[in-house]
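# Reading the structure
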Amino acid sequence: MSKKINLTLKVWRQKNCKTPGAFETYQAREIDTAMSFLEMLDFVNEMLTHEGRDPITFDHDCREGICGSCGAVVNGQPHGPLRGTTLCQLHMRHFKDGQTLVVEPWRAKAFPINKDLSVERSSFDRVMVAGGFISVKTGQAPEAHAIPVPKEAADNAMDAAQCIGCGACVAACPNGSAMLFVGSKVSHLNLLAQGAPEKKTRVLHMVHQMDHEGFGNCSNSYECEAACPKQISVSHIAFMNKEYRQASIP
Amino acid sequence: MFSNSSIFKKQVVAFTGLLLIFFIFTHLGGNLFIYAGPGVFNSYAHKLHSVGPLLLLPRTLLFIIFVIHITFTCLVVIENIKARGGHKRYSMQKSVGNRSMAESIMPYSGLYIFVFVIFHIIDFAFANQHGVRSFLHGRSYGLYGIVFNSFKDPVYDLLYIFFICFLGLHLCHGVQSLVQTSGFRPKWASVIKMISDYFALLMILGFSSIPIYVYILSRP
């Protein structure tokens, strides 16, 4: 059974990355607890629009927890207080009536703010362009069983492939490091036979691009693992470290 | 590409850290000779110094390892500060659950260790082994006497134990970190964490036991 709650929202408002931002406080009244967090923001935006004010800008797309578009830091936690959940799948029943919610964008040098809660994550795309792919001949799809893949490798690669590139790892990391993202992409492809021919150049190029984008260094605090909506393990960072070490030795 | 990369820098810190851990372990082994009395302790110190110029090589190596460890850590920390995107990053910062206190104070514990190590070298390694500080009951006891006279002072003991606790915290995160950074994360990663914690505790107990022992022994 859903019920209605009243909330106080302290939302980060910023015109663009060049102008300084500040918090603005809004009263979100009669919020249905069946709403998702983004639906709650939609509701507040309708109110703001009716009042002739600028609605809050936030990233979103599928609203099913699989696209990696949404994300904000809610009360100091990326994607909010619920583990293993994206912001779009966080429902208002997890909050209490009368609660104050502080909503901020991901903060990292490599994620400049577009507007309000929307951040520019094209640095992730450039890391992917650097090596997050496999080169294959075009044509008909190959026979699925032509290349045998060990069960353990397939499982690990599948776990790593769950990364939706939302950037919560960077937002949670005290150093703004993207190593969980890059580690999972490297694991996903390097563990499989299809990714093996380019595995050395892949890890070298992706790490190089990651550094070039201005992401920080992992200090093994493992906040990323805890914040990841797909609960990707930091063992993928260790795997990337190993792959990098091996690829660096000629 | 390789030498400037974040992972390379971290792996250098991890490898030099491993070498420093070996040194700390052997250093504790040497220190524990104090329990065997002044004769054994001084003969150990004397044997170490009697190799003369040969001692210069490991000392220089140790110095280089120490400098590399600190330099690369500083590079990593500076990059991390830049990458964060602002000094006060979030108005409400909440640990999601995995961050340990030892990890969050790594640069500070490292800085304190650095300052104390310099003081420690000047205080013990470069001390005049037959000077005033080596005298006990009107007779010179060499390095044993210097250690004994230093650890008689409870303030000195507290500072030393405080330093050892910081070293322990540094090790407790450092040992498990170097395994991860080197690229080894076995399925039994929790065991590595446990080994790391117990190793740090062992070092704290081992090093701290000496000032406590001397202090108790020096009481009338």
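Residues numbered from 1 in each chain as written. Chains lettered and ligands numbered in written order. Predicted model: local features only at pLDDT ≥ 70, side-chain atom pairs only at ≥ 80, totals over all residues.

### A few points about the domain arrangement of chain A
Residue and element names in this part refer to chain A. Assigned domains of chain A: these are domain 1 (4–104) and domain 2 (122–248). A separation of 30 Å is found between the C-alpha centroids of domain 1 and domain 2. Listed by partner, the interface residues are eleven residues for domain 1 and ten residues for domain 2. Per-class residue counts for the side of domain 1 that touches domain 2 are four nonpolar, seven polar and no charged. (Domains from an automatic or database assignment. Contact = placed C-beta atoms within 7 Å. Nonpolar A, V, L, I, M, F, W, Y, C, P; charged D, E, K, R; others polar.)

### Examining the sheet that holds strand β4 (residues 77–78) of chain A
Residues and elements named next belong to chain A. Reading across from one edge, β2-β1-β5-β3-β4 is the order of the five strands in this open sheet, with mixed pairing throughout. Where the open sheet ends on each side, the last strands, each with one partner, are β2 (22–32) and β4. Note that strand β1 (residues 4–13) and strand β5 (residues 100–104) share four bridges and pair parallel. Within the sheet, the bridge partner assigned to V11 lies in β5 and is V103. Relative to the sheet, helix α1 (residues 37–50) contacts β1 and β2, its axis offset from that of β2 by approximately 105 degrees. (Pairing = 2+ DSSP bridges. Helix = DSSP H or I, 4+ residues; strand = E, 2+ residues; numbered from the N terminus. Axes fitted to C-alpha atoms, helices over the stretch in contact; angles between N-to-C directions.)

### Observations regarding the confidence of the model for chain B
Detailed reading of the predicted model is not advised wherever pLDDT is low. Residues at a pLDDT of 70 or more form 97% of chain B, whose mean pLDDT is 88. For this predicted complex, the interface score ipTM comes out at 0.90, alongside a pTM of 0.92. (pLDDT = per-residue confidence, 0-100.)

### Comments concerning the interface of chain A and chain B
In this complex, chain A contributes 40 residues to the contact, which on the side of chain B involves 37 residues. Counting only elements with at least two residues in the side of chain A that touches chain B, the list comes to β5, α6 (199–212), α7 (223–227) and α8 (235–248) of chain A. In terms of residues, the side of chain A that touches chain B owes the most to one element, α8 of chain A, which gives eight residues. When grouped by side-chain class, the residues that make up the side of chain A that touches chain B number 16 nonpolar, 16 polar and eight charged.

### Some thoughts on α8 of chain A
End to end, α8 of chain A covers 20 Å across 14 residues, agreeing with the expected 20 Å (1.5 Å per residue, within 8%). Within the sequence span of α8 of chain A, burial applies to H236, I237, A238, F239, M240, N241, E243 and Y244 of chain A. The elements touched by buried residues of α8 of chain A are α3 (151–161), α5 (179–190) and α6 of chain A together with α1 (6–31) and α7 (154–182) of chain B. (Expected span 1.5 Å × (residues − 1). Buried ≥ 20, exposed ≤ 12 C-beta atoms within 10 Å, placed from the backbone.)

### Concerning the pairing of β5 of chain A
Residue and element names in this part refer to chain A. For β5, the tally of buried residues reaches four of five residues, placing the bulk of the element in the interior. Relative to β5, strand β3 (residues 73–74) is paired through two bridges, and the arrangement is antiparallel. Counterpart to V73 in the pairing with β5 is E104.

### As for the pairing of β1 of chain A
For β1 of chain A and β2 of chain A, the ladder comprises nine bridges, and the chain directions are antiparallel. Its bridge partner being in β2 of chain A, I5 of chain A is matched across the sheet by I31 of chain A.

### Details of the packing of α3 of chain A against α5 of chain A
Residues and elements named next belong to chain A. Running from amino to carboxyl end, α3 crosses α5 at an angle of 145 degrees, the nearest separation of the two axes being 8 Å. Crossing geometry of α3 relative to α5 is assigned as left-handed. In contact with N156, A157, A160 and A161 of α3, α5 contributes S184, S187 and H188. In terms of residue class, the contact of α3 with α5 is made up of three nonpolar, four polar and no charged. (Left-handed = near helix turned anticlockwise from the far one by under 90°.)

### A word on the environment of T201 of chain A
Along the chain, T201 of chain A falls in helix α6. According to the C-beta neighbour criterion, T201 of chain A is exposed, with 12 such atoms within 10 Å.

### Some words on unusual backbone geometry
Residues and elements named next belong to chain A. One non-glycine residue, N75, adopts positive backbone phi at about 50 degrees. Looking at the secondary structure, you find N75 in the loop between β3 and β4. Of note in the backbone geometry, D116 takes a positive phi value of approximately 50 degrees without being a glycine. Positionally, D116 belongs in the loop between β6 (113–115) and β7 (118–119).

### Thoughts on the nonpolar core
All names here are of chain A. Of all hydrophobic cores here, the largest spans 76 residues; its most connected members are V103, C169, V170, L180, V182 and C224. Residue contributions to this core peak at six residues, all from α5. Counting only domains with at least three residues in this core, you end up with domain 1 (4–104) and domain 2 (122–248). When near neighbours in sequence (up to four residues on either side) are disregarded, V170 contacts W106, A108, A110, F111, G176, S177, A178 and F215. (Core = buried A, V, L, I, M, F, W, Y, C linked by C-beta atoms within 7 Å.)

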